[in-house]
Protein chains: 2
Amino acid sequence: MSLFLRNNALQKLCETHLSSLSREEELPESLLRAALEQGSMVLLGNPAHPRLEPIVVGQPARVKINANIGNSAMRNSLPCELRKLETALAAGTDTIMDLSTAGNLTAIRRAMLDACPSPLGTVPLYAVAQKYIDAGKDPALFDPRELLDEVAAQAEQGVDFMTLHCGITERAARWATEEKGRVMGIVSRGGAILARWMRTRRRENPLLEHYDELIGIARRYNVTFSLGDALRPGAGADAGDAAQIEEVIVLGRLARQAFNEGVQCMIEGPGHVPMHEVAGQIQGIKKLTRGAPLYVLGPLVVDSCPGYDHLAGAIGGAIGVQAGVDFLCYLTPAEHLTLPDAQDVKAGVMASRIAAQAGEIALGRPRALRREAAMAGARKNLDWTGMKCAALDPNMMDDRRGEHAGEEVCAMCGDFCAVKMARP
Amino acid sequence: MSLFLRNNALQKLCETHLSSLSREEELPESLLRAALEQGSMVLLGNPAHPRLEPIVVGQPARVKINANIGNSAMRNSLPCELRKLETALAAGTDTIMDLSTAGNLTAIRRAMLDACPSPLGTVPLYAVAQKYIDAGKDPALFDPRELLDEVAAQAEQGVDFMTLHCGITERAARWATEEKGRVMGIVSRGGAILARWMRTRRRENPLLEHYDELIGIARRYNVTFSLGDALRPGAGADAGDAAQIEEVIVLGRLARQAFNEGVQCMIEGPGHVPMHEVAGQIQGIKKLTRGAPLYVLGPLVVDSCPGYDHLAGAIGGAIGVQAGVDFLCYLTPAEHLTLPDAQDVKAGVMASRIAAQAGEIALGRPRALRREAAMAGARKNLDWTGMKCAALDPNMMDDRRGEHAGEEVCAMCGDFCAVKMARP
């Protein structure tokens, strides 16, 4: 039975949006349909999200960028988060994730959904855990029923995709935390809570047990599962270990199950990975998850550059895109140090867009090559207007040229300009 | 005959510095000697450079970073350039190149040599061309004798390495500028001037004709030739074309000749190169130049991100280091737009250091792996002092953590911290 028959919400979205998505992606509708039908592409969009503009994620669509925003107990200001949301959208992000963990999360999410026409994602477990942490209790005391209720409430509210850490098993969590195992153990917040939950109760991951119920909720609203990598490596040295791979195998099976029951799925990927292992990781994950859209955090190819993680992430992201990554979650200069501010958000989005552009050039994607050709052609003619049209960040150009914007040459060389001197 | 017998200045430098270089590089003296002897490593150091601390460049030494500074006719302030020099050294650059093209270049160079214990490089042709440009004349009118005098004067002054565009031939220059040839033509300033010179006179590159004289001057002061890539691609679309490869072949032959006559040589490399072509370029250049140390500008894997070229360069640089690059010339956020300021200089040096670290991790270099292990170990323990010790930019950490520096958790998660929650 066709996916579109299994998922009515998706079918309706396609009726409304597929032709415009086809134009945007420069791909025929029939190709988008076929890719959605085989699960190598997802259409992110919950009909309950007001003024939503859905997008598709997955080969061979344009690589998409996500920006994580949201408060913490130590930096909690809704106006500030909404400014970050606007900044991320203006910088060219394709989606937003609200990772808020403090204050009235329902109200924050409402405000973000209303302000964001792009798909919005969340990690529902955060809302459940927050109640326990705020009360000074162990978040691992949560009852699975609370999580199911939260997922249902957020789906109804209009959330388009949700990170669910369904794939972390009791034994993989044990492997990740055992003595002489990993250097960094578990660095996913959802993963850490679930590992505690399983260890305390000596029971299997409750999301596994309630997976059918999650599928039922998600299908109703076309919420796309972003199957979370609770055991993603938190240090390059931990990349590709048994705990990580066990989780990927489980995620692949869960994705297939959800898909067969009408729910679209993406797979979340690492994380800290040395650059010579990035392509292997991507290929391995794609294989084990049968080509489901892959959504990575980085990958971050250097552990030791806090303050510059957007840059280390762009290196891994570019290599990842060349190897088949579909969706890049940004890293900002604030990663590992503090909550990002608006400037960090812009830096993170731009770094991810550059990584995507580098990877898409390598893949020979026509749109990426057209942009490069337009820039080179304009440069050859010292045509600054043309360069601005081709630039990933047009505003940056006038800002940097300052008083010399409008002149033929730039302040780096003045008339000592190779392009001028090379003219006949 | 041993290189050390052919080059007395080098022999003396080795007597004084090889043991400390051996400790710094964590490589035995015998290995350094053997690498220098076969030309796969160079020791940068002119005995006339006051308070010089020489370095080695080449496999398997630590990858080095160069920062280009220097004024232009549109931004000409010596105090500003000296501030950039200090900033670059503080950020961890290994060498400086003075690319000034305005004002009293001899005095500027003197001030930089005095302020810079690290090796300093120049492009002597700039000083020759400047006189013509300042006088409103075509720089291609220069007489080769002027260039030889300039090289001799700068060698005497203490310059440690010099870019000389000896490898651009008449026919390769023609290929690079012919109709329906390259998108961007020639983007090297030295290359553009030499191409004009050859075209006007219908004669071969004058540096080729006077190569023996250049060798004689360089040997006396152990000036290392940085054999310039006058035909480096200025757009990804131009990478690896016949003009570029012809020049590389000539550079390889010239490097061998100079080396046989006692002059150390590095080869300069691209430039704009799409990421899937970077490794191939590096391997090809290394082969055609018999493993001479390779000094690249980027490579820049995206044309269309002015304002972020340090980032696009870090992607190519990381891949390049993994493929065998020895020396990274930084790109700053100002590239293609304006003269870099001190903040750009720091951003450029850090981006190159991160690229080098990423590549050296991939190569399994022990020092790079130790840094990563130290960072991961400190993170696991939320040991912020340990993280600071391991960080490529320690100052960035306190700056970003701000009021929360000194606390156990960071403002990103507060107590909603995976590392804390994952503890038993």
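Residues numbered from 1 in each chain as written. Chains lettered and ligands numbered in written order. Predicted model: local features only at pLDDT ≥ 70, side-chain atom pairs only at ≥ 80, totals over all residues. Heavy atoms only, no water.

S.K.: Could you clarify how one ought to interpret a nonpolar patch on the surface in this entry?
M.R.: Taken together, the side chains of Ile245(B), Ile249(B) and Leu288(B) make up a nonpolar region of the molecular surface, amounting to roughly 210 Å² of accessible area. Inspection of the secondary structure puts Ile249(B) in helix α12 (residues 242-260). (Patch = residues over 30% accessible without salt bridge, like charges linked within 9 Å, V, L, I, M, F, W, Y side chains within 5 Å. Areas by Shrake-Rupley, 256 points an atom, 1.4 Å probe, with all protein chains shown as cover. Salt bridge = Lys/Arg side-chain N within 4 Å of Asp/Glu carboxyl O. Helix = DSSP H or I, 4+ residues; strand = E, 2+ residues; numbered from the N terminus.)

S.K.: Mind showing me how you'd approach the packing of helix α5 (residues 105-115) of chain B against helix α7 (residues 144-157) of chain B here?
M.R.: The angle between the axes and the distance between the axes are what describe a pair of packed helices. Residue and element names in this part refer to chain B. At a minimum axis distance of 11 Å, the contact between α5 and α7 shows a crossing angle of 30°. In terms of axis orientation, α5 runs roughly parallel to α7. Seen from above, α5 lies across α7 with right-handed handedness. Facing Thr106, Arg109, Arg110 and Leu113 of α5, the residues of α7 in contact are Glu150, Gln154 and Gln157. Among the residues forming the contact of α5 with α7, the class breakdown is one nonpolar, three polar and three charged. (Axes fitted to C-alpha atoms, helices over the stretch in contact; angles between N-to-C directions. Parallel < 35°, antiparallel > 145°, perpendicular 65-115°, else oblique. Left-handed = near helix turned anticlockwise from the far one by under 90°. Contact = heavy atoms within 4.5 Å. Nonpolar A, V, L, I, M, F, W, Y, C, P; charged D, E, K, R; others polar.)

S.K.: I keep staring at the pairing of strand β4 (residues 95-98) of chain A and nothing clicks. Help me out?
M.R.: The two faces of a sheet get side chains in turn, since along a regular strand they alternate between them. All names here are of chain A. Residues Thr95 and Met97 of β4 are buried on one face, and the alternating residues Ile96 and Asp98, pointing to the opposite face, are buried as well. Relative to β4, strand β3 (residues 64-69) is paired through four bridges, and the arrangement is parallel. Bridge assignment links Asn66 to a residue of β4, and that residue is Thr95. With helix α4 (residues 78-91) bridging β3 and the parallel β4, this β-α-β connection has right-handed handedness. (Buried < 20%, exposed > 50% of the residue type's maximum accessible area, 1.4 Å probe, protein only. Pairing = 2+ DSSP bridges. Right-handed = clockwise from strand over helix to strand, strands pointing away.)

S.K.: How should I be thinking about the relation of the copies chain A and chain B in this particular structure?
M.R.: Turning one copy of the chain about an axis and sliding it along that axis gives the other copy, so a rotation and a shift relate them. With an RMSD of 0.0 Å, the fit of chain A onto chain B corresponds to turning through 180° and sliding 0.0 Å along the axis. When the rotation and shift are considered jointly, the pair of chain copies conforms to a two-fold rotation axis. Closest to the rotation axis within chain A is the C-alpha of Ile315(A), separated from it by 2.3 Å. (Least-squares fit on C-alpha atoms with pLDDT ≥ 70 in both.)

S.K.: Would you mind showing me how to read the pairing of strand β1 (residues 41-44) of chain B here?
M.R.: All names here are of chain B. Here β1 shows no split at all, with Met41 and Leu43 on one side and Val42 and Leu44 on the other all buried. For β1 and strand β2 (residues 55-58), the ladder comprises four bridges, and the chain directions are antiparallel. Counterpart to Leu44 in the pairing with β2 is Ile55.

S.K.: Even after reading the chapter, I still don't get the interface of chain A and chain B, so can you show me in this structure?
M.R.: Interface size is often expressed as the accessible area that is lost when the parts come together. At the junction of the two partners, chain A supplies 93 residues and chain B supplies 93 residues. Summed over both partners, the interface of chain A with chain B buries about 7700 Å², with 68% contributed by carbon and sulfur atoms. Viewed at the interface, chain B and chain A are joined by four salt bridges. A salt bridge links Asp344(B) to Arg400(A), with the nearest nitrogen and oxygen atoms 2.5 Å apart. Remark: the boundary between chain A and chain B carries 20 residue pairs in polar contact (both at pLDDT 80 or more). (Buried area = accessible area lost by both parts, 1.4 Å probe. Polar contact = N/O pair within 3.5 Å; in protein donor to acceptor, adjacent residues only side chain to side chain.)

S.K.: How should the pattern of salt bridges be read in this particular structure?
M.R.: Where charged atoms from two side chains of opposite charge approach closely, those side chains can pair. All names here are of chain B. On inspection of all chains with the given rule, the structure shows 42 salt bridges over all chains. A salt bridge links Lys346 to Asp393; its shortest N-O distance comes to 2.9 Å. You can see Lys346 sitting in helix α15 (residues 342-362) and its partner Asp393 sitting in the loop between α17 (384-390) and α18 (394-401), a full 47 residues away along the chain. Here Asp393 falls in the buried class, since its relative accessible area comes to 5%.

S.K.: Got a minute to help me understand the domain arrangement of chain A in this structure?
M.R.: Residues and elements named next belong to chain A. Domain boundaries assigned for chain A yield domain 1 (3-364) and domain 2 (367-421). Between domain 1 and domain 2, the C-alpha centre-to-centre distance is 36 Å. Opposite the 12 residues of domain 1 that make contact, domain 2 presents eight residues. Here domain 1 packs against domain 2, burying approximately 940 Å² in sum over the two surfaces, 51% of which is carbon and sulfur. Seen at the junction of domain 1 and domain 2, the total is two salt bridges. Two residues, Glu26 and Arg370, come together in a salt bridge whose shortest N-O distance is 2.7 Å. (Domains from an automatic or database assignment.)

S.K.: I tried to follow the environment of Arg202(A) on my own but got confused; where do I start?
M.R.: Residues and elements named next belong to chain A. In this structure, Arg202 sits in the loop between α9 (189-201) and α10 (206-209). A relative accessible area of 73% means that Arg202 is categorised as exposed. The sequence separation of Arg202 and Trp175 amounts to 27 residues, and the corresponding C-alpha distance is 15 Å.

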